[in-house]
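Breakdown of the fold
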Amino acid sequence: MGKTLAEKILQAHTEETVKEPGQIVRCNVSMVLANDITAPLAIKSFKAMGADQVFDKDKVALVCDHFTPNKDIDSAEQVKVVREFAHEKNITHYYEGGEVGVEHALLPELGLVGPADIVIGADSHTCTYGGLGAFATGMGSTDIAGGMALGETWFKVPPTIKVEIEGTPGKYMGAKDYILNLIGTIGVSGALYKALEFSGSVVDNLSIEGRMTIANMAIEAGGKVGLFPVDAKTLEYCKAAGRTGDVEMRADADANYERVVKINVTGMKPQIACPHLPDNVKPVDEVKDMQIHQAVIGSCTNGRIEDLREAAAVLKGRKADKNVRLIVLPATPNIWKQALREGLIETFMESGAIVGPATCGPCLGGHMGILAGGERAIATTNRNFKGRMGSLESEVFLSSPAVAAASAITGIITDPEAL
Amino acid sequence: MSIKGTAHRVGAHIDTDAIIPARFLVTTDPDELGANCMEGLEEGWIKRVKKNDIMVADENFGCGSSREHAPISLLGAGIPVVVAKSFARIFYRNGFNMGLILLEVGDDFEKLGDGDQLEVDAEKGEIKNVTTGETITCAPVPPFMKGILDCGGLVEYVKDRLAK
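The shown structure was predicted, so the numbers you read here are calculated from the model rather than taken from an experiment.

**A look at the packing of helix H5 (residues 143–151) of chain B against helix H6 (residues 154–163) of chain B**
All names here are of chain B.
- Two numbers describe how H5 lies on H6: the axes approach to 7 Å, and their chain directions differ by 90°. In terms of their interaxial angle, H5 and H6 are classed as roughly perpendicular. Here H5 contributes Phe144, Ile148 and Cys151 to the contact with H6, which in turn contributes Leu154, Glu156, Tyr157 and Asp160.

Next comes the structure, spelled out in structure tokens:
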């Protein structure tokens, strides 16, 4: 029997023989990640474990991106804990201040994660790196502390759901619409404990950034990982990020899948996840005209340069509605600089946007864009749980950058085609 | 070990933002996190809970963030056990690591009503509903994870490994 992508990568990192889903295997890890919310707990556990040094100072990344720039004294104290630990353990990849980016945009850009790697992160959206063909998954802080100390962790081999995306997409259709459609189809627990493996002509044609957008939201279907085959495009991206030695990788033709889900994007309209779960997905036509008070373009899902280009193309020469706060957060300093060079920042400013630093802030209701009671936001982020972006009486709708930009202009949820 | 307490029933897909919203994540203190437990579901929810009460949930409990603050806040609130139709993957792992007992009972969660008096025997995997007189059983813990629990949680497990 052949192997799925998940099985292949696990096999490459363990001395045991990967036989079947459900089996528990111990694997070495390529990179261990935590942020300013989860690292302080991991450090507490690391010390309680009696660990002295991290397993490899080059394979631990600590990225202070959630409450930064520090929003209050408590968050500043948390970052201080992380900073001091990083200095004490001589950790190479510590990021804050002007160097920090949203972790899942930053690590791929720096070439720190890539094909066939196993990456564990104390952040549920660590699955983003599946877009590069990495078995990457979120865990809690204590698991991450164990990973930092031992350089290994355990996994239950997941069964895999194969997702085939075919068809001809419309002008404003993209990665975010495909993943929202999938989550709407299989539900927020549709891939619970499982791996998602993406294939099909639409996937082959997608950029690496688009693939990361899709992999990012695997967790919103309950998935452990969202994996893409490693093709020439992946290798080109990794090479540009400074990596060497990566090779192409695909699932075996006779791999065993639990289920195959087919998605046809021909004729599909932009997709919107309505409150209060990411699987409450409807085509934009069914929710258009809903008044919004805030539009957020950014996050580890859609804060990359391609996303900013998409939003700027819609916003160019237009103004955001005066009743809408349009917030644009380029996900890393490099993306910020690139957006500046391309004139995108100017486009955003002229449209009336607040252009902020790279931060996770508003996505999790942390800071820089909290909603009041009765307010409604459209966001390119990944979660619309009740109260996620602020008040329990607020609402979040999830969309692509193009739809968020179009909605900011009109003040109501809008299909960019209709502008 | 037997735990006796009142069941607090919640619905499906209770996410980690409901268990402990992001604004409270500026601390790792179990008491502070416990005082704000379930604040994202309903303001003041914690007021109804007594020590050793038991959370009963529908499917996918703990979906969302990897924040370990979620199981810590439940423990801090005095809730030692969650019984659910199913758990989200990261939360399930975190629960074990933190010493929060998680019992997966499938559709049998329906037999545990809000306010029912329960007796949980985690070793045997049995939940007795004292109010209705019915006993339900839960899925056994996989041997590898039982090994971690037997060590006293992941911290002790890694401590043992490092000492060898």
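**Topic: the pattern of salt bridges**
- A complete count under the given rule lists 26 salt bridges over all chains for this structure.
- Of the charged contacts in the structure, one is a salt bridge between Asp17 of chain B and Arg67 of chain B, with a shortest N-O distance of 3.9 Å. One end of the pair, Asp17 of chain B, is in helix H1 (residues 16–19); the other, Arg67 of chain B, is in the loop between strand S2 (54–57) and helix H3 (69–76), with 50 residues separating them in the sequence.
- Classification of Arg67 of chain B by relative accessible area gives buried; the value is 3%.
- Note that Lys159 of chain B and Glu156 of chain B form a salt bridge whose closest N and O atoms lie 3.8 Å from each other. In this pair, Lys159 of chain B and Glu156 of chain B both sit in helix H6, three residues apart, roughly one turn of the helix.
- Among the charged side chains, a network of salt bridges with common partners joins Arg26 and Glu152 of chain A together with Arg161 of chain B.

**Some remarks on the packing of aromatic side chains**
Residues and elements named next belong to chain A.
- Going through the model one piece at a time under the given rule, you end up with nine aromatic pairs over all chains.
- Where Phe198 meets Phe228, the ring centres are 4.9 Å apart and the plane angle is 15°; that geometry is what we call stacked. Of this pair, Phe198 sits in strand S9 (residues 195–199) while Phe228 sits in the loop between strand S10 (225–227) and helix H9 (232–240); the two residues are 30 residues apart in sequence, bridging distant segments of the chain. For the pair shown, Phe198 and Phe228 are each scored as buried.

**Focus: the pairing of strand S5 (residues 118–121) of chain A**
All names here are of chain A.
- Burial along S5 is two-sided: Ile118 and Ile120 facing one way and Val119 and Gly121 facing the other are all buried.
- Alignment of S5 against strand S6 (residues 135–138), held across four bridges, turns out to be parallel. Residue Gly121 lies in a different strand from S6, and its bridge partner there is Gly138.

**Notes on the interface of chain B and chain A**
- Listed as interface residues are 45 residues of chain B and, on the opposing side, 49 residues of chain A.
- Counting the surface lost from both chain B and chain A, the interface buries some 3900 Å², and carbon and sulfur atoms represent 61% of this.
- Summed over the three residues of chain B that lose the most area to chain A, namely Val26, Arg89 and Arg93 of chain B, the buried surface amounts to 19% of that side.
- Linking chain B to chain A there are three salt bridges.
- Across the chain B-chain A interface, the total number found is 21 residue pairs in polar contact (both at pLDDT 80 or more).
- A total of seven residues in the side of chain B that touches chain A trace back to one element, the largest contributor, which is H6 of chain B.
- Counted by class, the side of chain B that touches chain A contains 19 nonpolar, twelve polar and 14 charged residues.

**So, the sheet that holds strand S7 (residues 134–137) of chain B**
Residues and elements named next belong to chain B.
- Spatially, S4-S3-S2-S1-S5-S6-S7 is the arrangement adopted by the seven strands of the open sheet, whose pairing is mixed. Both outer strands of the open sheet, strand S4 (101–104) and S7, are each paired with one neighbouring strand and no more. The mean angle between the axes of side-by-side strands here comes to 30°, regardless of whether they run parallel or antiparallel.
- Of the strand pairs in this sheet, strand S1 (residues 2–9) and S2 are connected by three bridges, and their pairing is parallel. Following the sheet pairing, His8 is matched in S2 by Met55.

**Regarding the side chain of Glu164 of chain A**
Residues and elements named next belong to chain A.
- Tracing the backbone shows Glu164 in strand S8 (residues 160–166).
- Owing to a relative accessible area of 17%, Glu164 belongs among the buried residues under this scheme.
- Polar contacts involving the side chain of Glu164 include one to the side chain of Lys262, which spans 2.9 Å.

**Points about unusual backbone geometry**
All names here are of chain A.
- At the junction of Thr68 and Pro69, the peptide bond is cis and its omega measures out at -10° in the coordinates.
- Of note, Pro69 is situated in the loop between strand S3 (60–63) and helix H3 (73–88).
- The omega torsion across Pro275 and His276 is 0°, close enough to zero to call that bond cis.
- For Ser299, which is not glycine, the phi dihedral falls at a positive 90°.
- Mapped onto the secondary structure, Ser299 falls in helix H10 (residues 299–302).
- On the accessibility criterion, Ser299 (6% relative accessible area) is buried.

**Concerning the pairing of strand S17 (residues 376–379) of chain A**
Residues and elements named next belong to chain A.
- Where strand S14 (residues 294–297) meets S17, three bridges bridge the pair, whose relative direction is parallel. Residue pairing across strands places Gln294 opposite Ala377, the latter belonging to S17.
- Across four bridges, the pairing between S17 and strand S18 (residues 395–398) is parallel. Residue pairing in the sheet places Ala377 in a bridge with Val396 of S18.

**As for the sheet that holds S9 of chain A**
All names here are of chain A.
- Across the sheet, four strands lie side by side as S10-S9-S8-S11; this open sheet has parallel pairing. Lying at the two open borders of the sheet, with one neighbouring strand each, are S10 and strand S11 (259–264). Put simply, the sheet's adjacent strands are angled 20° from each other on average, direction ignored.
- Relative to S9, S8 runs parallel, the two being bridged by five bridges.

**Digging into the nonpolar core**
- Counting residues in hydrophobic clusters, the biggest one holds 124 residues, and the most contacted among them are Leu62 and Phe348 of chain A together with Phe61 and Leu74 of chain B.
- With seven residues, the single largest contributor to this core is helix H14 (residues 401–410) of chain A.
- Apart from residues lying up to four places away in sequence, Phe348 of chain A is in contact with Leu308, Ala311, Ala312, Leu315, Val328, Ala353 and Val355 of chain A.

Each value, and the rule that gives it
- Numbering of residues begins from 1 in every chain and follows the order in which that chain's sequence is written.
- Labels follow written order: the first chain is A, the first ligand is 1, and so on.
- It should be noted that, the model being predicted, local features are given only for residues of pLDDT at least 70 and side-chain atom pairs only at 80 or more, the latter also being counted only at that level, while totals for whole chains, interfaces and linings use all residues.
- To get the side-chain values, take all heavy atoms of the structure and skip hydrogens and water.
- The angle between two axes is taken between their N-to-C directions and runs from 0 to 180 degrees, where each axis is a line fitted to C-alpha atoms and a helix contributes only its stretch in contact.
- Strands here mean DSSP runs of E at least two residues long; helices mean DSSP runs of H or I at least four residues long; both are numbered from the N terminus.
- For classification purposes, angles smaller than 35 degrees are called roughly parallel, those larger than 145 roughly antiparallel, those between 65 and 115 roughly perpendicular, and all remaining angles oblique.
- We call two residues in contact when some of their heavy atoms are within 4.5 Å.
- For this analysis, a salt bridge means a side-chain nitrogen from Lys or Arg found within 4 Å of a carboxyl oxygen belonging to Asp or Glu.
- Three labels apply to residues, based on accessible area from a 1.4 Å probe with only protein chains included: buried if under 20% of the type maximum, exposed if over 50%, partly exposed otherwise in between.
- For this analysis, a ring pair means two rings from Phe, Tyr or Trp (six-membered ring only for Trp) whose centres lie within 6.5 Å, classed as stacked if their planes differ by under 30 degrees, edge-to-face if by over 60, and tilted for the remaining angles.
- Should DSSP find at least two bridges between two strands, the strands are regarded as paired.
- By convention, the term buried area covers the 1.4 Å-probe accessible surface removed from two parts as they join, with the contributions of both added.
- Each polar contact in these results corresponds to two N or O atoms within 3.5 Å; when the atoms are within protein, one needs to be able to donate a hydrogen and the other to accept it, and residues that are neighboring in sequence are counted only if both atoms are side-chain atoms.
- Residues were grouped as follows: Ala, Val, Leu, Ile, Met, Phe, Trp, Tyr, Cys and Pro as nonpolar; Asp, Glu, Lys and Arg as charged; and all remaining residues, including Gly, as polar.
- By convention a nonpolar core is built from buried Ala, Val, Leu, Ile, Met, Phe, Trp, Tyr and Cys residues, the set being connected through side-chain atoms within 4.5 Å.

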